[in-house]
Amino acid sequence: FVNIGTSLKNGGCLSLLLAFSIWCFPILEITCCCAEMVCYLPIKGAPFCVFADRFVDEAFGVMASWNFWVLEGALIPFELTLFNTLIHFWTADYSLAIPIVVELVVYFLINLAAVKWYGEVEFWLCIFKVLLSIGLMLFTFITMVGGNPQHHAFGFTNWKSTDPMLEYIHVGGLGRFQGWLSCLIQASYMIAGPEYLSMAAGETINPRKVLPGAFKGVFYRLSTFFVGGALCVGILCNARDPLLLDALSNGKPGAGSSPYTIAMHNMGIKVLPTILNILLMTSCFSAGNSYTFCSSRTLYGLAIQRRAPKIFSYCNKQVVPIFAVLVSLAWGALAFL
C-alpha cells in the first residue's frame with residue numbers, strides 16, 4: 001500500500017503489473033507444494049523446515065529452521081518501528097517508547113492464549129486488510145470513470161502520458177529491463193507468506209480437511225489483491241508525479257508516501273488519507289502479531305528436534321510454548337534503538 005510507490009517510480013505502470021503477475025506463479029507453486037506436504041504431515045512447529053530436513057538433507061533442515069527463526073524475529077522490531085512511523089502521519093509529539101511497549105504487551109497477551117484466540121484476532125485483523133484492498137480497488141474504478149471532485153474521467157491517462165516501461169539505471173532496452181527487474185525484486189518481498197499457514201497445522205482440528213481450502217484462499221487473496229493493487233496504482237498515480245517523487249525522496253511518514261494518498265491529494269479528497277493510514281496501522285499490527293507467532297513456533301519446533309535448548313519446548317496449560325514466545329518477543333526490544 002505504501003512501498004509499491006518505489007516500484008512504480010523505478011519501472012512504470014506496465015513493468016509493475018507484469019512483475020507482480022509473473023511473481024504469482026512461484027507463489028502458486030510454493031502454495032501447492034506446501035499444502036500437499038502439510039496435509040500429508042500436519043506437525044507442530046515450522047513444518048516446511050522439518051520437510052527440508054526429511055526430504056532434502058539434515059544440514060539443510062537445520063539451517064533453514066534457524067534462518068527462518070532469525071528472519072521472523074527480525075521482522076518484529078521492523079513492524080513495531082513501522083507502526084510508530086504510521087502514527088507520525090498525524091504527529092510525532094509523544095514518547096516513541098509508548099507504542100512499542102503497548103504493542104509488545106498486546107502481542108504477548110495474544111500469543112499467551114490458545115492458538116484459537118490468535119486465529120480469532122488474525123481473522124478480524126485480516127478482514128480490515130481485505131476491506132482496505134477491496135476499498136482501494138473500488139476507489140480506483142469509481143474515480144477513473146469520473147466519480148471524483150473534479151468529475152474527470154481520467155481512465156488510463158497515466159498509462160499514456162508516461163512511458164509504461166521506464167528506464168532504470170541504464171537507458172534503452174537494458175534500462176527498461178532493469179526497471180522491470182526492480183519491480184520483480186520488490187514483488188518477491190511483498191507477495192510472500194503462503195507457508196505461514198502451515199505453522200498452525202499441528203494445532204488445527206482435522207487439518208487434512210481444513211487446510212487445502214485455506215491454502216487455496218491464501219493464494220487467491222495474495223494474487224488478486226497484489227496484482228489488482230499493482231494495476232490500481234498505475235491507473236491512479238503517474239510514475240513521474242512530482243508529489244510522489246518528493247514523498248519518496250524525503251521519506252514522508254505513514255500513508256504520506258503512498259501512491260493512493262498522492263492520488264487522493266491530486267483529486268482534492270481530504271478524509272480518505274486518514275482512513276487509509278488507520279487501516280495501514282491494523283495491517284502493520286497484524287503482521288507483527290503473525291511474526292511473533294511464527295517465530296515462537298519455529299523455535300519450539302527446533303527445541304522438540306533437539307536443535308535448540310530443551311526449555312523452549314515447554315508448553316503452558318494452553319499448549320503455548322511460553323518461553324519460545326518470550327524469546328521471540330525479545331527481538332522487539334531492538335525497536336527501542
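Quick caveat, the model's predicted, so the values are computed rather than measured.

## Some details on the overall build of the protein
Moving on, step 1. On a plain count of helices and strands, the protein comes out with 13 helices and zero strands.
Moving on, step 2. Starting at the N terminus and walking to the C terminus, you meet the elements of the protein as α-α-α-α-α-α-α-α-α-α-α-α-α.
Moving on, step 3. Against the 2.2 N^0.38 benchmark of 20 Å for 337 residues, the protein shows a C-alpha radius of gyration of 21 Å, consistent with a compact globule.
Moving on, step 4. Here the C-alpha coordinates of the protein stretch approximately 60 × 45 × 35 Å along the principal axes.
Moving on, step 5. Within the protein, the proportion of its 337 residues that are buried is 49%.
Moving on, step 6. For the protein, the share of sequence-separated contacts (at least 6 apart) that also reach a separation of at least 24 residues comes to 74%.
Moving on, step 7. Just so you have it, the protein exposes about 16,200 Å², and 70% of that area is on carbon and sulfur atoms.

## Points about the nonpolar core
Moving on, step 1. Formed by 81 residues in total, the largest nonpolar core has its most connected members in Leu8, Leu16, Tyr260 and Leu276.
Moving on, step 2. In terms of residue count, the dominant contributor to this core is helix H2 (residues 13-40) (eleven residues).
Moving on, step 3. If we ignore the near neighbours within four places in the chain, the residues touching Tyr260 are Phe1, Leu136, Thr140, Gly229, Cys232, Val233, Leu236 and Leu276.
Moving on, step 4. Leu299, Ala308, Phe312 and Ala324 belong to the second largest nonpolar core, which has seven residues in total.

## Observations regarding the side chain of Glu79
Moving on, step 1. Looking at the element boundaries, Glu79 is found in helix H4 (residues 58-87).
Moving on, step 2. Within the buried set, Glu79 has no salt-bridge partner at all; the shortest N-O distance to an opposite charge, 8.5 Å, is to Lys129.

## With respect to the layout of surface pockets
Moving on, step 1. Within this model, the second largest pocket holds a volume of roughly 180 Å³.
Moving on, step 2. Along its surface, the second largest pocket is lined by Asn148, Gln150, His152, Phe154, Thr157, Asn158, Leu236, Ala263, Asn266 and Met267.
Moving on, step 3. Breaking the lining of the second largest pocket down by element, the ones donating at least two residues are helix H7 (157-161) and helix H11 (259-267).
Moving on, step 4. Per-element accounting of the lining of the second largest pocket gives the leading share, three residues, to H11.
Moving on, step 5. When grouped by side-chain class, the residues that make up the lining of the second largest pocket number four nonpolar, six polar and no charged.

## Concerning H4
Since one α-helical turn is 3.6 residues long, residues separated by three or four positions face the same way.
Moving on, step 1. With 30 residues, H4 ought to run about 44 Å at 1.5 Å a step, and its terminal C-alpha atoms sit 45 Å apart, in line with that.
Moving on, step 2. With a side-chain oxygen lying 3.0 Å from the backbone nitrogen of Ala59, the N-terminal cap of H4 falls on Asp57.

## Quick word on the packing of helix H6 (residues 115-144) against helix H12 (residues 272-304)
Moving on, step 1. Contact geometry of H6 with H12 gives a least axis separation of 9 Å together with a crossing angle of 145°. Here the hand of the crossing between H6 and H12 comes out left-handed. Together, Val115, Tyr118, Val121, Glu122, Leu125, Phe128, Lys129, Leu132, Leu136 and Phe139 of H6 and Leu272, Leu276, Leu279, Leu280, Thr282, Ser283, Phe285, Ser286, Asn289, Ser290 and Phe293 of H12 make up the contact between the two elements.
Moving on, step 2. When the residues that make up the contact of H6 with H12 are grouped by side-chain class, the tally is 14 nonpolar, five polar and two charged.

## Quick look at the packing of aromatic side chains
Moving on, step 1. Within this structure, the stated rule accounts for eleven aromatic pairs.
Moving on, step 2. Look at Trp66 and Trp69: their rings are 5.7 Å apart centre to centre, the planes differ by 90°, and that puts the pair in the edge-to-face class. Of this pair, Trp66 and Trp69 both sit in helix H4, three residues apart, which is roughly one turn of that helix.
Moving on, step 3. For Trp69, a relative accessible area of 11% corresponds to the buried category.
Moving on, step 4. Each ring, one from Trp69 and one from Trp331, has its centre 5.6 Å from the other, and the planes form 75°; the classification is edge-to-face. With Trp69 in helix H4 and Trp331 in the segment after helix H13 (322-330), this residue pair connects regions lying 262 residues apart in the sequence.
Moving on, step 5. By way of ring pairs, the aromatic residues Trp66, Trp69 and Trp331 are connected into one cluster.

Procedures and definitions
- Residues numbered from 1 in each chain as written.
- Predicted model: local features only at pLDDT ≥ 70, side-chain atom pairs only at ≥ 80, totals over all residues.
- Heavy atoms only, no water.
- Helix = DSSP H or I, 4+ residues; strand = E, 2+ residues; numbered from the N terminus.
- Rg over C-alpha atoms; globule rule 2.2 N^0.38 Å.
- Buried < 20%, exposed > 50% of the residue type's maximum accessible area, 1.4 Å probe, protein only.
- Contact = heavy atoms within 4.5 Å.
- Areas by Shrake-Rupley, 256 points an atom, 1.4 Å probe, with all protein chains shown as cover.
- Core = buried A, V, L, I, M, F, W, Y, C linked by side-chain atoms within 4.5 Å.
- Lys, Arg positive; Asp, Glu negative; His and termini not counted.
- Salt bridge = Lys/Arg side-chain N within 4 Å of Asp/Glu carboxyl O.
- 1 Å grid on protein atoms, 1.4 Å probe; cavity = no way out; pocket = protein on both sides within 12 Å on 5 of 7 lines; lining within 4 Å.
- Points joined across faces, edges and corners; volume = space filled by probe spheres on them.
- Nonpolar A, V, L, I, M, F, W, Y, C, P; charged D, E, K, R; others polar.
- Expected span 1.5 Å × (residues − 1).
- Polar contact = N/O pair within 3.5 Å; in protein donor to acceptor, adjacent residues only side chain to side chain.
- Axes fitted to C-alpha atoms, helices over the stretch in contact; angles between N-to-C directions.
- Left-handed = near helix turned anticlockwise from the far one by under 90°.
- Phe/Tyr/Trp six-rings, centres within 6.5 Å; stacked < 30°, edge-to-face > 60°.

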